[in-house]
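So the chains spell out like this:
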Amino acid sequence: LLKGILWMTFVMEGIGAVLLSIRFSVDFPGPEAIYLGVFHSVMAFNNAGFSLFPTSLIAYQDDVLVNMVVTVLVISGGVGFIVYWDLIRLAKRETFRLTVHTWMVLSLTAALIAGGTAVFDIGTNALSVGGDFDVNNSSTFTYGSGQITTFTATASGHEIDDLSSNFPNLVFNG
């Protein structure tokens, strides 16, 4: 079990590190990009809640690759290894049903992320009527909503400046 946990951790963090390093190589020299990619991959998978950048990942709020990689790492690190073990057993046909724990973790994770993203999108679009948002930049709404939903529910860093005047009374990080 421990060997499987270590293997899965290294694979997931490794894939995240490679993808983030490739993206960061556009903005930083090679070794620094690799260091930043590895650091932020490990940070996201472990829901560490901090970044090496002074503004967390806000500079990458419109970057689809960074958004998706960090979000997948946060979620995959958060569901836990018992869930993965159960899913692997199901895939190998060692069992024919998920445990209650796995079913609840996957169902509630999906519901909370989808529901939070939808509610935040509705809230931001309602405010856009008043002129606070650039309605031509709809990608910020969906990616940002998913990020805020995921990161508010975890300890991880964020990619939307939730303290700016564009997001009044919408995010309550406690």
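Since we're looking at a predicted model, the values are computed, not measured.

Colleague: I'd like to hear about the environment of F28, residue by residue, with values.
Modeller: Looking at the element boundaries, F28 is found in the loop between α1 (2–24) and α2 (30–45). Leaving out residues up to four positions away in the same chain, F28 has contacts with A33, L36, F53 and Y60.

Colleague: Run through the packing of α1 against helix α3 (residues 64–79), naming residues and quoting values.
Modeller: Contact pair α1 / α3: the axes reach a minimum separation of 10 Å and the direction vectors enclose 160°. Taken together, the axes of α1 and α3 are roughly antiparallel relative to one another. Judged by the sense of rotation from one axis to the other, the crossing of α1 with α3 is left-handed. Facing M12, G16, L19, L20, R23 and F24 of α1, the residues of α3 in contact are L65, V66, V69, V70, L73 and S76. Residues that form the contact of α1 with α3 fall into these classes: 9 nonpolar, 2 polar and 1 charged.

Colleague: A description of α3 should follow, citing residues and the corresponding values.
Modeller: A rise of 1.5 Å per residue sets the reference length of α3, with its 16 residues, at 22 Å; its end C-alpha atoms lie 22 Å apart and thus fit the reference within 8%. Buried within α3 are the following residues: V66, N67, V69, V70, T71, L73, V74, S76 and V79. The opening residue of α3, the one whose side-chain oxygen lies 3.0 Å from the backbone nitrogen of L65, is D63. Just downstream of α3, G80 is the residue with a positive phi angle, here 100°.

Colleague: Give me the lowdown on the packing of α1 against α2, citing residues and values where you can.
Modeller: Viewed as axis vectors pointing N to C, α1 and α2 meet at an angle of 135°, and their least axial separation amounts to 7 Å. It follows that α1 is oblique to α2 by the angle criterion. The way α1 lies across α2 gives a crossing that is right-handed. Listed contacts from α2 to T9, M12, E13, G16, A17, L20, S21 and F24 of α1 are A33, I34, L36, G37, V38, H40, S41, V42 and F45. Class assignment of the residues belonging to the contact of α1 with α2 gives a composition of 10 nonpolar, 6 polar and 1 charged.

Colleague: Any details on the packing of aromatic side chains? Residues and values, ideally.
Modeller: Inspection of every chain in the model, using the stated rule, returns 7 aromatic pairs. An angle of 65° between the planes, with centres 5.2 Å apart, marks the rings of F24 and Y60 as edge-to-face. Highlighted residues: F24 in helix α1 and Y60 in the loop between α2 and α3, separated in sequence by 36 residues. The class for Y60 is buried, based on a relative accessible area of 6%. Arranged with centres 5.8 Å apart and planes meeting at 45°, the rings of F53 and Y60 form a pair that is tilted. Y60 carries the same exposure label as F53, and that label is buried.

Reading guide: rules and limits
Residues numbered from 1 in each chain as written. Predicted model: local features only at pLDDT ≥ 70, side-chain atom pairs only at ≥ 80, totals over all residues. Heavy atoms only, no water. Helix = DSSP H or I, 4+ residues; strand = E, 2+ residues; numbered from the N terminus. Contact = heavy atoms within 4.5 Å. Axes fitted to C-alpha atoms, helices over the stretch in contact; angles between N-to-C directions. Parallel < 35°, antiparallel > 145°, perpendicular 65-115°, else oblique. Left-handed = near helix turned anticlockwise from the far one by under 90°. Nonpolar A, V, L, I, M, F, W, Y, C, P; charged D, E, K, R; others polar. Expected span 1.5 Å × (residues − 1). Buried < 20%, exposed > 50% of the residue type's maximum accessible area, 1.4 Å probe, protein only. Polar contact = N/O pair within 3.5 Å; in protein donor to acceptor, adjacent residues only side chain to side chain. Phe/Tyr/Trp six-rings, centres within 6.5 Å; stacked < 30°, edge-to-face > 60°.

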